[in-house]
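Spelled out from the first residue to the last, the chains are:
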Amino acid sequence: MRFGTRQPLLFPIGHSMGETGDGQERSHVIRRGGDLVDMDRRRFDLWKLARGKKDEKRGWTRKAVEREARRLGVADPAAIVDGLVADGLIAELAPGRRAAHRFALAYQLHPLMIGVGNTRLEPWLYGIGFGDQPVLRVEGHLFSLWQWAHLDENLWQTCQVYADAEAQSGETDRDLTDPQRVLKRLVGSLHLFTANSAAYLDVARGSGA
C-alpha cells in the first residue's frame, strides 16, 4: 500500500497540553493515552513538525521532517526523531499493506474542531472549524471518517464501520466499500487534519500502549 511516497511517513502521537514549569525549566506536556509526558523544546519542535505543513500536498515523510528541522536550525534531527519513535511519541509508517494495517490497529483519531457543514455552491465539500468559520474543507467520505473515528477502538475499526455502512446503503464504489481502500485514503489525508489542528492521533483504546 503506497501513500504517494516510498519513504516512511511520520505522525505525532498524543495531544499537546501546553507548557509547564518556570524559566529555563519550562517543558511541553503531551498527553499520550493515559500518560502525561514532559518534553524539552528540541523534542517538542520535532514532535510538532511531524504534524505536517498546511500547504504541503505530498506525504509528510521522515526525510521531509528532518529537512525542515535542519532548516530551522535543529542539530541532529535524526537522533531526536529516533528517540521520539522509541518513546511512542512519533509513529513511523513504512509503505506496505501490512504496515498500514498494524498502524490502523494501533492508533485512533480524535477530532479537535466541529463540523460546519457544506454550502450550496460546493455541496460536495464539508467544512471543519469553529462556529461558522471553516479552517479546511474536505470531501464527504473524509468528513465522515474524521467526525466519527473517535467512537471506534482504532482506525481499522473506523474503516470497517464506514465501508460496511456504505455497502449497506447500496454504494458499489470499492474505494468506499473496501476497508483497505478506505484506510489508504484516510492515511493519505491524516496530515491534512493534524497540520490544521483539526484532529490528533493517539494510541488505540485497549492497546495497552
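Preceding this paragraph is the structure being described.
Quick summary incoming for the structure in this document. (Residues numbered from 1 in each chain as written. Predicted model: local features only at pLDDT ≥ 70, side-chain atom pairs only at ≥ 80, totals over all residues. Heavy atoms only, no water.)

Attention now moves to the side chain of Thr61. Relative to the helices and strands, Thr61 is located in the loop between α1 (41–49) and α2 (62–71). Residue classification places Thr61 among the buried positions, given a relative accessible area of 7%. In this structure the side chain of Thr61 is engaged in a polar contact, spanning 3.1 Å, whose partner is the backbone nitrogen of Ala64. (Helix = DSSP H or I, 4+ residues; strand = E, 2+ residues; numbered from the N terminus. Buried < 20%, exposed > 50% of the residue type's maximum accessible area, 1.4 Å probe, protein only. Polar contact = N/O pair within 3.5 Å; in protein donor to acceptor, adjacent residues only side chain to side chain.)

Next up on the list: the packing of α1 against helix α3 (residues 77–86). Between α1 and α3, whose axes approach to 10 Å, the crossing angle comes to 80°. On the basis of their axis angle, the class for α1 and α3 is roughly perpendicular. In contact with Arg42, Arg43, Leu46 and Trp47 of α1, α3 contributes Pro77, Ile80, Val81, Gly83 and Leu84. (Axes fitted to C-alpha atoms, helices over the stretch in contact; angles between N-to-C directions. Parallel < 35°, antiparallel > 145°, perpendicular 65-115°, else oblique. Contact = heavy atoms within 4.5 Å.)

Glancing now at the nonpolar core. Among the nonpolar cores identified, the biggest contains 36 residues, and Phe103, Ile128, Phe193 and Leu201 are the most heavily contacted of them. The element contributing the most residues to this core is helix α6 (residues 155–168), with five residues. Once you skip the residues sitting within four places of it in the chain, Phe103 turns out to touch Phe11, Ala91, Leu93, Leu155, Val187, Leu190 and Leu201. In this structure, Trp47, Ala50, Trp60 and Ile90 belong to the second largest nonpolar core, which totals 18 residues. (Core = buried A, V, L, I, M, F, W, Y, C linked by side-chain atoms within 4.5 Å.)

What follows concerns the pattern of salt bridges. For the structure on display, the rule yields eleven salt bridges. Between Glu68 and Lys53 there is a salt bridge, with its nearest N and O atoms 3.8 Å apart. Placement of the pair is Glu68 in helix α2 and Lys53 in the loop between α1 and α2, with a sequence separation of 15 residues. Close ionic contact of Glu66 with Arg62 constitutes a salt bridge, the shortest N to O distance being 2.7 Å. Separated by four residues within a single helix, Glu66 and Arg62 lie in helix α2, roughly one turn from each other. Grouping residues by exposure puts Glu66 and Arg62 together as buried. (Salt bridge = Lys/Arg side-chain N within 4 Å of Asp/Glu carboxyl O.)

A separate point is unusual backbone geometry. Backbone geometry at Asp76 places phi at a positive 50°, although glycine is not the residue there. As for its placement among the helices and strands, Asp76 is situated in the loop between α2 and α3. Even without a glycine there, the phi angle at Ser197 is positive, about 55°. Structurally, Ser197 can be placed in the loop between α9 (190–195) and β10 (199–203).

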